[in-house]
Amino acid sequence: MADRMTDPMADNKAATGRGFAARDALRWDTVVGALLVVLLVCSFSLVSNFGNALNLSFLIGNTLPIALIALPMTMLVVSGEIDLSVGSTAGLAGAVMGRLWNGGMAIEMIIPLCVLLGVVCGLVNGLLVTRLGLPSLAVTIGTLAAYRGIAQIVLGSNSVTDFPQQYLNFASDRIGGTFVPYAAIPWAVLLLIAVVLLHATPIGRSLFAVGASQEAARFAGIRVKRLKLSMFVATGTISALTGVFWALHYASARYDNATGLELSVIAAVLLGGIDFDGGKGTLGGAVAGVFLLGALQNVMSLINVSSQSQTLITGVLLVVSVLAPRLARQAGRARARRKAAVGDMPPTALTAV
Amino acid sequence: MTMTTKPAPAAAAGAPPTAGFLDRVLKVRELAIAAVLVLMLTATQLDNSAFLSQQGIKDLLLNATILVLVAVGQATVVITRNVDLSVGSVLGITAFAAGDFLHGGGNPVLAVVIAVAIGAGFGLVNGALVSLGQVPALVVTLGTLYIIRGLDSIWVGSRQITAADLPSGFVSFGHDGLSVIPYLALLTALVLVAAAYYLRSYRSGRDLYALGSSPEAARLAGVPVRKRILAAYVTCGALAGLAGALYLARFGNVDSGTGNGYELTVVSAVVVGGVAFTGGSGSVYGAALGALLLTSINSVLPSIGVSSVWVQAIDGVLLLLAIAVDRIVALRVAGLLRKRAAQTRSATHG
């Protein structure tokens, strides 16, 4: 929180010396993208079994839940809020899906209902945050427990596995002989929509404005509360969709599906350079962050790094990803000061003469 | 909890209006949790007369001790408008460290000291990253949550500490007590009172509140911001370490999954106890009561015949209820204060 007070200064500097900053301090999302490319190139050439279609489809399939939720989460974090209940919403959607399926309902009815449930979950979060003015962190920790608890009430300790085969196939098979899972297609469509929405429409600009300064955004005529509410609803909806996908992909609906997913999503989004204080970040960075973590975990499993060390490395990456840009910015600022000092010298020397 | 609004008119009389008034409201906030707690326990006792037996009370206190300790530490951090999500991992690793040391024939007192020291060490890392690196606390401690959990799992592997590995004195310390009050609860109460006294009466303790209400103003007023944040994190880590050692004494069973996901319970307890995420308000007594309330619910539900699957949902709803009621009361109080200020202004001018 201490950084709040230094940030405006940083922004001023960035505004006055934009060309300088862009040239000197590489943008973090490009760094993450480059890291992802380096990792992929290295893995293709050095790690056996990485490049085959089966492994790549596993990689993508296992990363898709995180990649799905990362889309609305990026927008939410850009607007200065956060949602920790996404894993529980996904679990709840899966549990309700299993319960209704056991109850004999048609799957074509169940899936829309589950998505609708996600809308409601998002609405609850959003209304508590925007109407009561509560911090989203506290609210969504509460709903994290509440939604997971409801999932437990709905399904108990049962697990439902006998979903229709063509749905299970859709969630786990890949297209023809390629490495692309079928489920990656809807994700790509959602990604496209999200990129256009965040980076090419007034709504996207409003999100950045709200994240940078809520007060200023309000005075500029942006309907802050409605915007935030719609972002919470979007996050809930996509989370529920992810829960449905999760249950089909792993062919098991249990109340504890997707437990802890929220931390993976947030780690990936933050790794992608989305500033937790709001107002900064790109979807490209977030997606790069998601797949960097996913690919890293896949490679580490292939070269027999224990899952414990993977946890450790995830943590280190997360800390480095927030620490590095700040240190770089400080270094850049120091250099700019030095340069400014040098630039100031001649005039003062002249007047002295 | 709605009773918080009632004393408002009562505080109207002369005196320094804002200070006494706010003070009373804050005190009542803790009374409200205590009232809910007492109400809940009484109702359960009426329903099931075996609930508050000697063993029942002892179990209630024992269940609460560990959460209370960690919640006290967490409250000191949350008061400064920060958060420490790594407490669950710290608890896990320190519990195993203490167990491993005792398993090798170490001195129990030394084992506790080691656990506290390791916890304080991790607190120092968190504090340094937050205060010196100026990185958002949520992100840093999410990172260290992973890092410490990873270290813990690598070190522990598939090993396990069981009660048989521990000296019998240490295990009985975790179970016995003075009549109904377990030793662990006495120790926790001691820590609680010390922390509350420090936060209330020492300058550096008040600084934490100043820091939480307005970091900028605190810095301008000469509060050593970084040092205080560092101290809060070290305290939090040390208490998580102590809780780890007590966890070992209480349960006698530690593996690499110990303390997993505990951070959310702790944060819930703190928030239910009225320590606001926005910093600068609440007390460790509130946090402790919040912890006691949460752990008591877990004992109450089974004993009135509610299935344990309801526990988590009720915890979550309770947390939401607590913050929502807090917010509504705060808005009302702010409105009242504004009205009163306007009245006094017009009175002095007219």
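Note that this is a predicted model, so its numbers are computed, not measured.

Peer 1: Can you help me understand the packing of helix α12 (residues 262-272) of chain B against helix α13 (residues 284-303) of chain B in this one?
Peer 2: For any two helices packed against each other, one specifies the inter-axial angle together with the distance between the axes. Residue and element names in this part refer to chain B. α13 packs onto α12 with a crossing angle of 120° between their chain directions and a minimal axis gap of 7 Å. The angle between the axes of α12 and α13 places the two elements in the oblique class. When you trace α12 past α13, the crossing you get is right-handed. From α12, Thr-265, Ser-268, Ala-269, Val-270 and Val-272 reach across to α13, where they touch Ala-287, Gly-290, Ala-291, Leu-293 and Leu-294. Counted by class, the contact of α12 with α13 contains seven nonpolar, three polar and no charged residues.

Peer 1: What is the right way to look at the environment of Leu320(B) in this model?
Peer 2: With respect to the secondary-structure elements, Leu320(B) resides in helix α14 (residues 310-349). For Leu320(B), a relative accessible area of 13% gives the class buried. When the C-alpha atoms of Leu320(B) and Val272(B) are compared, they prove to be 8.4 Å apart, with 48 residues separating the residues in sequence. In this structure Leu320(B) touches Leu128(A), Val139(A), Gly142(A) and Thr143(A), once residues within four positions along its chain are discounted.

Peer 1: What is the right way to read the nonpolar core from this model?
Peer 2: One broad rule of soluble globular proteins: the nonpolar side chains tend to lie buried together. Within the largest apolar cluster, 188 residues are counted, with the highest numbers of intra-cluster contacts made by Met97(A), Phe163(A), Trp187(A), Phe277(B) and Val284(B). At 15 residues, helix α4 (residues 53-78) of chain A tops the list of elements feeding residues into this core. Every residue in contact with Val284(B), bar those within four places of it in the chain, is listed here: Val72(B), Ala75(B), Leu192(B), Ala195(B), Ala196(B) and Leu199(B). Counting 15 residues, the second-largest nonpolar core is a separate cluster that includes Val156(B), Leu166(B), Ala245(B) and Val254(B).

Peer 1: Sorry, what's going on with the interface of chain A and chain B here?
Peer 2: For an interface, size is often stated in terms of accessible area lost upon the parts coming together. Each partner contributes to the interface: chain A provides 43 residues, whereas chain B provides 40 residues. Inspection of the chain A/chain B interface yields zero salt bridges. Linking chain A to chain B there are one residue pair in polar contact (both at pLDDT 80 or more). Of all the secondary-structure elements, those providing two or more residues to the side of chain A that touches chain B are α1 (3-16), α6 (107-132), α7 (136-155), α13 (261-271) and α15 (307-352) of chain A. The dominant element in the side of chain A that touches chain B, judged by the number of residues it contributes, is α7(A), at 14 residues.

Peer 1: Explain a nonpolar patch on the surface to me, please; I cannot follow it from the model alone.
Peer 2: Residue and element names in this part refer to chain A. Residues Phe-170, Tyr-182, Ile-185, Val-189 and Ile-193 make up a contiguous nonpolar surface patch of about 450 Å² in total accessible area. In terms of residues, the nonpolar patch owes the most to one element, helix α9 (residues 184-200), which gives three residues. Within the fold, Tyr-182 resides in the loop between α8 (165-172) and α9. A relative accessible area of 33% means that Tyr-182 is categorised as partly exposed.

Peer 1: Honestly, the pattern of salt bridges in this entry has me stumped. Any pointers?
Peer 2: Side chains that differ in sign of charge can pair as their charged atoms come close. Residue and element names in this part refer to chain A. Within the structure shown, the criterion is met by seven salt bridges over all chains. The salt bridge partner of Asp-275 is Lys-280, with a shortest N-O separation of 3.5 Å. By relative accessible area, which is 10% here, Asp-275 ends up buried.

Peer 1: What is the right way to read the side chain of Ser89(B) from this model?
Peer 2: Topologically, Ser89(B) is positioned in helix α4 (residues 87-103). Those residues within four positions of Ser89(B) in sequence are excluded, and the remaining contacts are Leu145(B), Ile148(B), Arg149(B) and Gly259(B).

Peer 1: Where do I start with the environment of Gly279(A) in this structure?
Peer 2: All names here are of chain A. One can find Gly-279 in the loop between α13 and α14 (283-302). Assessed through its relative accessible area of 18%, Gly-279 is described here as buried. For the pair Gly-279 and Gly-80, spaced 199 residues apart in sequence, the C-alpha to C-alpha distance is 6.8 Å. For Gly-279, the residues in contact, after removing those within four places along its chain, are Val-78, Phe-208, Gly-211 and Ala-212.

The rules we used
- Residues numbered from 1 in each chain as written.
- Chains lettered and ligands numbered in written order.
- Predicted model: local features only at pLDDT ≥ 70, side-chain atom pairs only at ≥ 80, totals over all residues.
- Heavy atoms only, no water.
- Axes fitted to C-alpha atoms, helices over the stretch in contact; angles between N-to-C directions.
- Helix = DSSP H or I, 4+ residues; strand = E, 2+ residues; numbered from the N terminus.
- Parallel < 35°, antiparallel > 145°, perpendicular 65-115°, else oblique.
- Left-handed = near helix turned anticlockwise from the far one by under 90°.
- Contact = heavy atoms within 4.5 Å.
- Nonpolar A, V, L, I, M, F, W, Y, C, P; charged D, E, K, R; others polar.
- Buried < 20%, exposed > 50% of the residue type's maximum accessible area, 1.4 Å probe, protein only.
- Core = buried A, V, L, I, M, F, W, Y, C linked by side-chain atoms within 4.5 Å.
- Salt bridge = Lys/Arg side-chain N within 4 Å of Asp/Glu carboxyl O.
- Polar contact = N/O pair within 3.5 Å; in protein donor to acceptor, adjacent residues only side chain to side chain.
- Patch = residues over 30% accessible without salt bridge, like charges linked within 9 Å, V, L, I, M, F, W, Y side chains within 5 Å.
- Areas by Shrake-Rupley, 256 points an atom, 1.4 Å probe, with all protein chains shown as cover.

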